[in-house]
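# Topology and contacts: notes
Spelled out from the first residue to the last, the chains are:
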Amino acid sequence: MTPAPPRTDRGRLLLVLALATLVTVFTATVPLLRDWFDLRVYHGSIDSWVHHGGRIYDYRVPGTPYGFTYPPFAAVVMLPMALLDLHTAIAAALLLNLAALALVLRLLAGPDWRRHGWYGWALTACVLALFEPLRDTFSFGQVNLLLLALVLTDAALLASGRTRWAGTGIGLAAAIKLTPALFIGLLLVARRWRAAAVATVVALGATALAALADPDASRYYWTEALWDTSRVGRLGYVSNQSVQGILARLGEPDRAVWAAAVALLLVVWALRARRAVAAGDWTAAFALTGLAACLVSPITWVHHLVWLLPSFAVLIRTGHARIAGALYAVLCTSVVWLWFDDASGVDGFLGGNSYAWITLGLLLWLPAGQQSPDRRTGSRSASTTTAAPSPAAPAISPAFVQAESASSGTAAATAGGVGAAGRAAGLDASSEPTGATRLPAPNPQSSSERASSYTAEAPPF
């Protein structure tokens, strides 16, 4: 029998402190610190470009073959790094990622985010700190949370009917990194022509700006670097949890097989996303697009899976908290690394690709266009709020208002799957990210092959 959550502020504080201690121990011993490897790439490339007359794509992290891999506009956005030393850049990246995470949770939690109070959000922080894609995003110094925040801002605009500037965030995200360009496809599938045009113009305008800033870098990226996957990393590396990664680990190099699989996935995505939009469920439509983008991208490192957070919000909103909790728990375990050395055999096929299977399962099964259970029973049909949570179990709040149902009440999405793992433990809330603090092991992930999102062989620091 699950023990009842504490009902007093003192009991809640003690529970939060206990959970925070357990999370700290976990993050200090299980997932090793990634040593800000990706941020070192960004900072080194910008420093070389601005201060030493180097070319953006020529820089390599000392002792490694890995350098800048994003479109030139990303380098333009990162120009302020030229004013910072590496340690200050690390601190700035942490603050930016925290701000982006707060915005993502705010957008997913909806208008009633305040009602959860310190207790609900403290539990949220504890649960999110366990989520491997978030842990890696923070300790690599990665940009995916910032891109997710840009994209979800557009989702909120579309859902609320304030569509004048909708598409701007998607356009900027697509100019910084190519994968979010699939969200322009979502706007086309949804027949939101104006938003799609805005996103396209913003992406092309940003790309043109980068071309003006450094014509040689732009020419090199779009004609050579973009097509050289060796700059990014080995396709068969276990961190690559995309369809291409699965095929590479199976020893299937035929691009035609990959292209066919991608085409099939895109058809499934388009059908499901269009159905979600038709039901006014922009949360699910954007969640499905994030899932599809992770699967069809040639390389989807584990930290890219922060794009799964909206899917957990949808699961909890539609009353599937137990399923959300189970899937979320798997994504906290770092289980794929058990097949770091050898992903062959049936166990490697199933376990070494487990994050990809979760992503695929969510794409096929994620509820779309469904209301939360209390809406289906008509308990509060005319309001966008839900019943006040009991002191024992604060509920996680609704998602952004759906466009077509703004006057009749909307479904509630919980913050990025945040309630899922908490509910699995008998609680209703979730979490936030931390880095590992223990001293490096003889072959730590931060300085070994598994340390970098780019590398199959460790950058020696």
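Residues numbered from 1 in each chain as written. Predicted model: local features only at pLDDT ≥ 70, side-chain atom pairs only at ≥ 80, totals over all residues. Heavy atoms only, no water.

Our focus in this paragraph is the overall build of the chain. Within the chain, the secondary structure is distributed over 20 helices and zero strands. Taking all 461 residues of the chain together, the buried fraction comes to 55%. Excluding contacts between residues fewer than 6 apart, the proportion of contacts in the chain whose partners are at least 24 apart in sequence is 77%. Split by element, the accessible area of the chain, about 18,600 Å² in all, is 65% carbon and sulfur. (Helix = DSSP H or I, 4+ residues; strand = E, 2+ residues; numbered from the N terminus. Buried < 20%, exposed > 50% of the residue type's maximum accessible area, 1.4 Å probe, protein only. Contact = heavy atoms within 4.5 Å. Areas by Shrake-Rupley, 256 points an atom, 1.4 Å probe, with all protein chains shown as cover.)

We now examine the UniProt feature "transmembrane region" (unreviewed entry) in the chain. Following the UniProt record, one finds the feature "transmembrane region" (unreviewed entry) at residues 86–105, 117–134, 170–189, 195–213, 256–272, 284–309, 321–340 and 346–366. Taken end to end, residues 284–309 is 54% helix and 0% strand, and its two terminal C-alpha atoms sit 11 Å from one another. With 86% helix and 0% strand, residues 346–366 has end C-alpha atoms that lie 26 Å from one another. (UniProt positions renumbered as here; feature names shortened; annotations may be inferred.)

This part takes up helix α5 (residues 117–128). The first and last C-alpha atoms of α5 sit 17 Å apart over twelve residues, in line with the 16 Å expected at 1.5 Å per residue. When we look at burial in α5, the residues that qualify are Y119, G120, A122, L123, T124, C126, V127 and L128. (Expected span 1.5 Å × (residues − 1).)

Within the fold, T179 resides in the loop between α8 (168–176) and α9 (182–189). Beyond its immediate sequence surroundings of up to four residues, T179 is in contact with A293 and S297.

Here we come to helix α7 (residues 144–160). An ideal rise of 1.5 Å per residue puts 24 Å on 17 residues; α7 measures up with 24 Å between its terminal C-alpha atoms. When you tally the buried positions in α7, you get 13 out of 17 residues, the bulk of the element. Remark: G161 follows α7 within two positions and exhibits a positive phi of approximately 85 degrees.

In this section: the nonpolar core. In this structure, F68, L134, W269, F286 and L308 are the most contacted members of the largest nonpolar core, which totals 109 residues. Ranked by residues supplied to this core, first place goes to helix α14 (residues 282–296) with twelve residues. Counting residues in each nonpolar core, the second largest holds six residues, with F37, Y59, V61 and Y66 among its members. (Core = buried A, V, L, I, M, F, W, Y, C linked by side-chain atoms within 4.5 Å.)

With that settled, the discussion passes to the packing of helix α16 (residues 321–330) against helix α18 (residues 354–365). Put simply, α16 and α18 touch, their axes get as near as 10 Å, and they point 155 degrees apart. On the basis of the axis angle, α16 is roughly antiparallel to α18. For the crossing formed where α16 meets α18, the hand is left-handed. Listed contacts from α18 to I323, L327 and V330 of α16 are Y355, I358, L362 and W365. Residue composition of the contact of α16 with α18, by class: seven nonpolar, no polar and no charged. (Axes fitted to C-alpha atoms, helices over the stretch in contact; angles between N-to-C directions. Parallel < 35°, antiparallel > 145°, perpendicular 65-115°, else oblique. Left-handed = near helix turned anticlockwise from the far one by under 90°. Nonpolar A, V, L, I, M, F, W, Y, C, P; charged D, E, K, R; others polar.)

With that settled, the discussion passes to the environment of E252. Checked against the element boundaries, E252 lands in the loop between α12 (243–249) and α13 (255–278). The exposure class assigned to E252 is partly exposed, which follows from its relative accessible area of 29%. Beyond its immediate chain neighbours, meaning those up to four positions away, E252 contacts L247 and V257.

Turning to the packing of aromatic side chains, a few remarks are in order. A complete count under the given rule lists 18 aromatic pairs for this structure. Relative to Y70, the ring of Y42 has its centre 5.7 Å away and its plane inclined at 40 degrees; by these criteria the two rings are tilted. Taken as a pair, Y42 in helix α2 (residues 37–51) and Y70 in the loop between α2 and α3 (72–77) lie far apart in primary sequence, 28 residues in all. The pair Y42 / Y70 is uniform in exposure class, with both members buried. For the ring pair F131 and Y328, a centre distance of 4.9 Å and an interplane angle of 10 degrees mean the geometry is stacked. Taken together, the residues span a long stretch of sequence, with F131 in the loop between α5 and α6 (132–140) and Y328 in helix α16 at a distance of 197 residues. Classification of Y328 as buried rests on a relative accessible area of 0%. (Phe/Tyr/Trp six-rings, centres within 6.5 Å; stacked < 30°, edge-to-face > 60°.)

Moving on, we come to unusual backbone geometry. Positive phi is not limited to glycine here, since W36 has a value of about 55 degrees. Within the secondary structure, W36 sits in the loop between α1 (9–29) and α2.

The next thing to look at is the side chain of N353. Summarising the element assignment, N353 is placed in the loop between α17 (345–351) and α18. Using a relative accessible area of 2% as the deciding quantity, one classes N353 as buried. Here F349 takes part through its backbone oxygen, which lies 2.8 Å from a polar atom of the side chain of N353. Beyond its immediate chain neighbours, meaning those up to four positions away, N353 contacts Q241, I246, R249 and G348. (Polar contact = N/O pair within 3.5 Å; in protein donor to acceptor, adjacent residues only side chain to side chain.)

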